[in-house]
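# Overview (structure and organization)
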Amino acid sequence: MAAGRATRLASRLSEKGPILSLDQFMTRSKVLQLYRDILRNAKHLEKSDADYIRQWARADFERFRNEKDPERIKSLLNQGKAQLRTLEMNVTLSKAKF
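Since the model is a prediction, treat every value here as computed from it, not as a measurement.

Let us look at helix H3 (residues 47–63). Across its 17 residues, H3 extends 24 Å between first and last C-alpha, which sits within 8% of the 24 Å expected from 1.5 Å per residue. For H3, the complete set of buried residues consists of Ala50, Ile53 and Ala57. End-on, the buried residues of H3 take up no more than an arc of 60 degrees, which puts them together on one face. Facing away from the buried surface of H3 by more than 90 degrees, the exposed residues are Lys47, Ser48, Tyr52, Gln55 and Arg63.

Structure, rendered in structure tokens:
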């Protein structure tokens, strides 16, 4: 009975893709959070600007989707965080009333 459960579990896991290490899982979480933060900030811009930011983010994340080198991924993540900070400053300025 336990062997049957283990086989079903293994089958379900293989359907979902490779099992990630803890470091890979944490990095993936950071990347997804960065993507969500970019989209969340884009909501505060005018529609045409928000559409451009969404398209840019989607294209950039898709372009590097299959990157395997952990150092390159960390570098890309740091670049993305810097771009997010710039976006956040621009959103803040666009909301400011002079």
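Moving on from the coordinates now.
Another aspect to go through is the packing of helix H2 (residues 22–42) against helix H4 (residues 70–95). It is at 10 Å that the axes of H2 and H4 come closest, and there the two elements cross at 20 degrees. One element, H2, and the other, H4, form an angle in the roughly parallel class. With respect to the hand of their crossing, H2 and H4 are arranged in left-handed fashion. Each of Asp23, Thr27, Lys30, Val31, Leu34, Asp37, Ile38 and Asn41 in H2 lies in contact with H4, whose residues at this interface are Ile73, Lys74, Leu77, Gly80, Lys81, Leu84, Leu87, Glu88 and Val91. Residue composition of the contact of H2 with H4, by class: eight nonpolar, three polar and six charged.

What describes two packed helices is the angle between their axes and the distance between those same axes. Interhelical geometry of H2 versus H3 gives an angle of 165 degrees and a closest axis separation of 9 Å. Classed by the angle they form, the pair H2 and H3 counts as roughly antiparallel. In the crossing of H2 with H3, the sense of the turn from one axis to the other is right-handed. Facing Val31, Leu34, Tyr35, Ile38, Leu39 and Ala42 of H2, the residues of H3 in contact are Ala50, Ile53, Arg54, Trp56, Ala57, Arg58 and Phe61. The class makeup of the residues in the contact of H2 with H3 is 11 nonpolar, no polar and two charged.

Turning to H2, a few remarks are in order. A rise of 1.5 Å per residue sets the reference length of H2, with its 21 residues, at 30 Å; its end C-alpha atoms lie 30 Å apart and thus fit the reference within 8%. Of the residues making up H2, those classed as buried are Thr27, Leu34, Ile38, Asn41 and Ala42. The arc enclosing the buried residues of H2, seen along the axis, measures out at 110 degrees, which places them on a common side. Against the buried residues of H2 lie H3 and H4.

Note that side chains of opposite charge can pair when their charged atoms are close. Taken as a whole and judged by the stated rule, the model has six salt bridges. Asp51 is the salt-bridge partner of Lys47, the closest N and O atoms lying 3.0 Å from each other. On the criterion of helical spacing, the pair formed by Lys47 and Asp51 is a turn pair, its members being four residues apart in helix H3. Its salt-bridge partner being Arg63, residue Asp60 comes within 2.7 Å of it at the nearest N-O pair. One end of the pair, Asp60, and the other, Arg63, are both in helix H3, three residues apart, so they sit about a helical turn from each other. Here Asp60 falls in the partly exposed class, since its relative accessible area comes to 21%. Connected via shared salt-bridge partners are Lys47, Asp51 and Arg54.

Definitions and limits used
Residues numbered from 1 in each chain as written. Predicted model: local features only at pLDDT ≥ 70, side-chain atom pairs only at ≥ 80, totals over all residues. Heavy atoms only, no water. Helix = DSSP H or I, 4+ residues; strand = E, 2+ residues; numbered from the N terminus. Expected span 1.5 Å × (residues − 1). Buried < 20%, exposed > 50% of the residue type's maximum accessible area, 1.4 Å probe, protein only. Arc of directions from axis to C-beta. Axes fitted to C-alpha atoms, helices over the stretch in contact; angles between N-to-C directions. Parallel < 35°, antiparallel > 145°, perpendicular 65-115°, else oblique. Left-handed = near helix turned anticlockwise from the far one by under 90°. Contact = heavy atoms within 4.5 Å. Nonpolar A, V, L, I, M, F, W, Y, C, P; charged D, E, K, R; others polar. Salt bridge = Lys/Arg side-chain N within 4 Å of Asp/Glu carboxyl O.

Coordinates in, geometry out; function isn't part of it.
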